[in-house]
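Chain by chain, the residues run as shown.
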Amino acid sequence: MKLKIIQQQIIELRGQKVMLDFHLAELYEIETKVLKQAVRRNINRFPPDFMFELTQNEFESLRSQFVTSKRGGLRYMPFAFTEQGIAMLSSVLNSEKAIAINIAIMRTFVSLRQFALNYKELNDKITEIEKQFPDIYNILNYLMDKEKTATPKIERNKIGFKK
């Protein structure tokens, strides 16, 4: 499974990185209804920090990002699964495909977390350099802003011999 495909399906809701039930069902190659049934039968395995149901407002704000069902919309609000909830799905959906997909999803979450850490470290280093060399930082900012604020050249009459 390509990590990039999974990475595109991870969204942020309520301050958490989650995947929606219909994206997971598509990856597992099962119907969303089957996934939801398995979760509801084992609901005690999915506390609120593992899985939650979207509100109508959350769903409406995300509607443009995904395709709704063929029957003119979703009948029930989608479930959003956190990283721990997706890991728990492997015990509920006990198939080879589910295990393989869960491994790929876990690797994607880890790579996203690693990217965030690397970004923070790089940002901290840049901030430290800015503090050590404020003059160079100010000059670089001036040069970058100079292009944005450059005044347009005005066409002037030429001086000199005219034919």
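Residues numbered from 1 in each chain as written. Predicted model: local features only at pLDDT ≥ 70, side-chain atom pairs only at ≥ 80, totals over all residues. Heavy atoms only, no water.

With that settled, consider the packing of helix H2 (residues 21–28) against helix H6 (residues 96–132). Running from N to C, H2 and H6 point in directions that differ by 125°, and their axes come no closer than 9 Å. Judged by the angle between their axes, H2 and H6 are oblique. Here Leu 24, Leu 27 and Tyr 28 of H2 lie close against H6, whose contacting residues are Lys 97, Ala 98, Ile 101, Asn 102 and Ile 105. Split into classes, the residues belonging to the contact of H2 with H6 amount to six nonpolar, one polar and one charged. (Axes fitted to C-alpha atoms, helices over the stretch in contact; angles between N-to-C directions. Helix = DSSP H or I, 4+ residues; strand = E, 2+ residues; numbered from the N terminus. Parallel < 35°, antiparallel > 145°, perpendicular 65-115°, else oblique. Contact = heavy atoms within 4.5 Å. Nonpolar A, V, L, I, M, F, W, Y, C, P; charged D, E, K, R; others polar.)

Here the focus is the packing of helix H5 (residues 83–92) against H6. Their axes nearest at 9 Å, the elements H5 and H6 cross at an angle of 165°. Classified by the angle their axes make, H5 and H6 are roughly antiparallel. Once H5 is placed against H6, the crossing between them reads as left-handed. Between H5, through Glu 83, Ile 86, Ala 87, Leu 89 and Ser 90, and H6, the contact on the second element is made entirely by Asn 102, Ile 105, Met 106, Phe 109 and Arg 113. (Left-handed = near helix turned anticlockwise from the far one by under 90°.)

In the structure shown here, the tally under the stated rule is three salt bridges. For Glu 12, the salt bridge identified is with Lys 17, shortest N-O distance 3.4 Å. Here Lys 36 ties to Asp 21 by a salt bridge, and the two come within 3.3 Å at their closest N and O atoms. Of this pair, Lys 36 sits in helix H3 (residues 32–41) while Asp 21 sits in helix H2, placing them 15 residues apart in sequence. (Salt bridge = Lys/Arg side-chain N within 4 Å of Asp/Glu carboxyl O.)

Let's shift gears to the layout of surface pockets. Empty space within the second largest pocket amounts to approximately 150 Å³. Lining the second largest pocket are Ile 126, Ile 129, Glu 130, Phe 133, Ile 136, Tyr 137, Leu 140, Asn 141 and Met 144. Going through the elements one at a time, H6 and helix H7 (134–149) are the ones with two or more residues in the lining of the second largest pocket. Residue contributions to the lining of the second largest pocket peak at five residues, all from H7. The class makeup of the residues in the lining of the second largest pocket is seven nonpolar, one polar and one charged. (1 Å grid on protein atoms, 1.4 Å probe; cavity = no way out; pocket = protein on both sides within 12 Å on 5 of 7 lines; lining within 4 Å. Points joined across faces, edges and corners; volume = space filled by probe spheres on them.)

All right, on to H6 then. In an α-helix, one full turn covers 3.6 residues, which means residues spaced three or four apart are oriented alike. Under the 1.5 Å per step criterion, the end-to-end length of H6 is 54 Å for 37 residues, consistent within 8% with the ideal 54 Å. For H6, the set of buried residues is Ala 98, Ile 101, Asn 102, Ala 104, Ile 105, Thr 108, Phe 109 and Leu 112. (Expected span 1.5 Å × (residues − 1). Buried < 20%, exposed > 50% of the residue type's maximum accessible area, 1.4 Å probe, protein only.)

Once that is clear, we can look at H3. Taken as a whole, H3 has its buried residues at Leu 35, Lys 36, Ala 38 and Val 39. Along H3, the residues classed as buried sweep out an arc of 160° about the axis, all on the same side. Facing away from the buried side of H3, by more than 90 degrees, are the exposed residues Lys 33 and Arg 41. Contact partners of the buried residues in H3: H2, strand S3 (51–53), strand S4 (79–81) and H5. (Arc of directions from axis to C-beta.)

On the surface, Ile 129, Phe 133, Ile 136, Ile 139, Leu 140, Tyr 142 and Leu 143 cluster together into a nonpolar patch covering about 720 Å² of accessible area. Here the nonpolar patch takes five residues from H7, the largest share from any one element. With respect to the helices and strands, the residue Tyr 142 is situated in helix H7. (Patch = residues over 30% accessible without salt bridge, like charges linked within 9 Å, V, L, I, M, F, W, Y side chains within 5 Å. Areas by Shrake-Rupley, 256 points an atom, 1.4 Å probe, with all protein chains shown as cover.)

Across the sheet, which stays open at both edges, the four strands sit in the order S1-S2-S4-S3 with antiparallel pairing between neighbours. Looking along the sheet, the strands with just one partner apiece sit at the ends: strand S1 (11–13) and S3. Pairs of neighbouring strands in the sheet enclose a mean axial angle of 45°, with direction left out of account. Direction of pairing for S1 relative to strand S2 (residues 16–20): antiparallel, over a ladder of three bridges. Bridge pairing in S2 places Leu 13 opposite Gln 16. (Pairing = 2+ DSSP bridges.)

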